[in-house]
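Residues per chain are reported as follows:
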Amino acid sequence: MTAQTIDGTAVARKVREDVAKGVEELVARGGTAPGLATVLIGDDPASEVYVRNKRKLSVAAGMQDLHRHLPGDVDQATAAALIDELAADPAVSGILLQLPTPKHLDSEALLARIPAEKDVDGLTTVNAGLLAQGRPGLRPCTPSGVMVLLDEYDVPLKGAEAVVVGRSVLVGKPMAQLLLERHATVTICHSRTRDLAEVCRRADVLVVAAGIPGLVAADAVKPGAVVIDVGIHRTDDGLRGDVDTAAVAEVAGKITPVPGGVGPMTIAMLLANTLAAAKAQQGLED
Ligand code: ADP
């Protein structure tokens, strides 16, 4: 069997087009275009690239680019004051603190200052709690992007066996909760899991977010399973995921490529969250 490729680039484009339409409608109804405040501290080249893409695509969707840059040696109080200023600014619909921040800063304390309704990355304790309780809130971009991919490719979730590899706050944990919300039977694997391959082989839907290149091989995949690879690693052979894609594609039913799978969805969902945040703040929800 050769798996169908899940085209994240195409789905992400569609999501961004829908967001752009939503922004036009919001403005037509008398609202203000959403403003996205990306906050970059320091000059990490990878972070600069990520932030530049987020800004570019938010502008392409008709949003206001309210980017702020702080020097890498900024102190905690100054960084906190910037977050507070953005929190109070009605033009700012969403605040995105680019992680990781320089080591001398307490990024959790900075994140905690972002009001839940402007937390477009879905990373604050309040939004994590709302998700855990199954109440509406802003959801983390990467796992919500995975949910959109699963829906676009008509992957049945109700009663399905879903296995999530990884339990990070950013991906694994919220991913499991989103799958649970859709009535999948969810198992979470991590570094202490006994016989990872055996557990993964149960999965109808296998989501891998462990941050280990090639962790999941073909023997960990049930024939016909849907395999979602959240990992991304720069290697000598180019970008690679947490899944041995070439071998697993011979077994799986559907699979995301790296790059071009989950990656592009993350920014698309950031834009969707920013639009939703703006609508809620302006009292113009559908
Ligand atoms: P991400 O950015 O994708 O969320 P992190 O590096 O923050 O990834 O976290 C990696 C996650 O993967 C952790 O939750 C950890 O428990 C999990 N993990 C690490 N090693 C393994 C392993 N060998 N098998 C399964 N899960 C693992």
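About the cut-offs
- Residues numbered from 1 in each chain as written.
- Predicted model: local features only at pLDDT ≥ 70, side-chain atom pairs only at ≥ 80, totals over all residues.
- Heavy atoms only, no water.
- UniProt positions renumbered as here; feature names shortened; annotations may be inferred.
- Helix = DSSP H or I, 4+ residues; strand = E, 2+ residues; numbered from the N terminus.
- Buried < 20%, exposed > 50% of the residue type's maximum accessible area, 1.4 Å probe, protein only.
- Contact = heavy atoms within 4.5 Å.
- Near = heavy atom within 4 Å.
- Polar contact = N/O pair within 3.5 Å; in protein donor to acceptor, adjacent residues only side chain to side chain.
- Areas by Shrake-Rupley, 256 points an atom, 1.4 Å probe, with all protein chains shown as cover.
- Nonpolar A, V, L, I, M, F, W, Y, C, P; charged D, E, K, R; others polar.
- Domains from an automatic or database assignment.
- Core = buried A, V, L, I, M, F, W, Y, C linked by side-chain atoms within 4.5 Å.

The name that an unreviewed UniProt entry assigns to the chain is Bifunctional protein FolD, with the source organism given as Petropleomorpha daqingensis. UniProt annotates the chain under Sequence similarities (unreviewed entry) with the comment "Belongs to the tetrahydrofolate dehydrogenase/cyclohydrolase family."

### Focus on the UniProt feature "binding site: NADP(+)" (unreviewed entry) in the chain
According to UniProt, the feature "binding site: NADP(+)" (unreviewed entry) maps to Gly-166, Arg-167, Ser-168 and Ile-232 in the numbering used here. Its place among the elements puts Gly-166 in the loop between β6 (161–165) and α7 (172–181). Judged by its relative accessible area of 10%, Gly-166 falls in the buried class. Those residues in contact with Gly-166, other than ones at most four positions away along the chain, are Gly-172, Ile-188, Cys-189 and Ala-209. Position of Ser-168 relative to the elements: it lies in the loop between β6 and α7. On the basis of relative accessibility, which here comes to 32%, the residue Ser-168 falls in the partly exposed class.

### Observations regarding the side chain of Lys-279
When you line up the elements, Lys-279 lands in helix α10 (residues 263–281). Classification of Lys-279 by relative accessible area gives buried; the value is 12%. Filtering out sequence-adjacent residues up to four positions away, Lys-279 remains in contact with Leu-26, Arg-29, Leu-284, Glu-285 and Asp-286.

### Thoughts on the site of the ligand
Surveying the vicinity of the ligand reveals the residues Val-165, Gly-166, Arg-167, Ser-168, Val-171, His-190, Ser-191, Leu-196, Ala-209, Ala-210, Ile-212 and Leu-215. Separating an oxygen atom of the ligand from a backbone N or O atom of Arg-167 is a distance of 2.8 Å. Between Ser-168 and the ligand, the recorded distance is 2.2 Å, taken from a side-chain N or O atom to an oxygen atom. Coverage of the ligand by the protein amounts to 67% of the 580 Å² it exposes when considered alone. Looking at the shell around the ligand residue by residue, the class counts come to 7 nonpolar, 4 polar and 1 charged.

### A word on the domain arrangement of the chain
Partitioning the chain into structural domains gives domain 1 (32–115) and domain 2 (140–263). Taking only C-alpha atoms, the centre of domain 1 and the centre of domain 2 are 29 Å apart.

### Details of the environment of Thr-245
Following the sequence through the fold, Thr-245 ends up in helix α9 (residues 245–248). Along the backbone, Thr-245 and Gly-214 are 31 residues apart, and their C-alpha atoms lie at a distance of 8.0 Å. Not counting chain neighbours up to four residues away, the residues in contact with Thr-245 comprise Asp-229 and Ile-255.

### So, the nonpolar core
Core analysis: the largest hydrophobic core is formed by 48 residues, its most contacted members being Val-19, Val-146, Leu-150, Leu-179, Val-207, Ile-228 and Val-230. For this core, the secondary-structure elements that each account for two or more residues are α1 (8–28), α6 (141–152), β6, α7, β8 (205–208), β9 (226–229) and α10. Of all the elements, α10 adds the most residues to this core, at 9 residues. When residues of this core are sorted by domain, at least three fall in each of domain 1 (32–115) and domain 2 (140–263). Every residue in contact with Ile-228, bar those within four places of it in the chain, is listed here: Ile-6, Val-146, Leu-150, Leu-206, Val-207, Val-208, Thr-256 and Val-262. Counting residues in each nonpolar core, the second largest holds 22 residues, with Ala-3, Cys-200, Val-227 and Ala-252 among its members.

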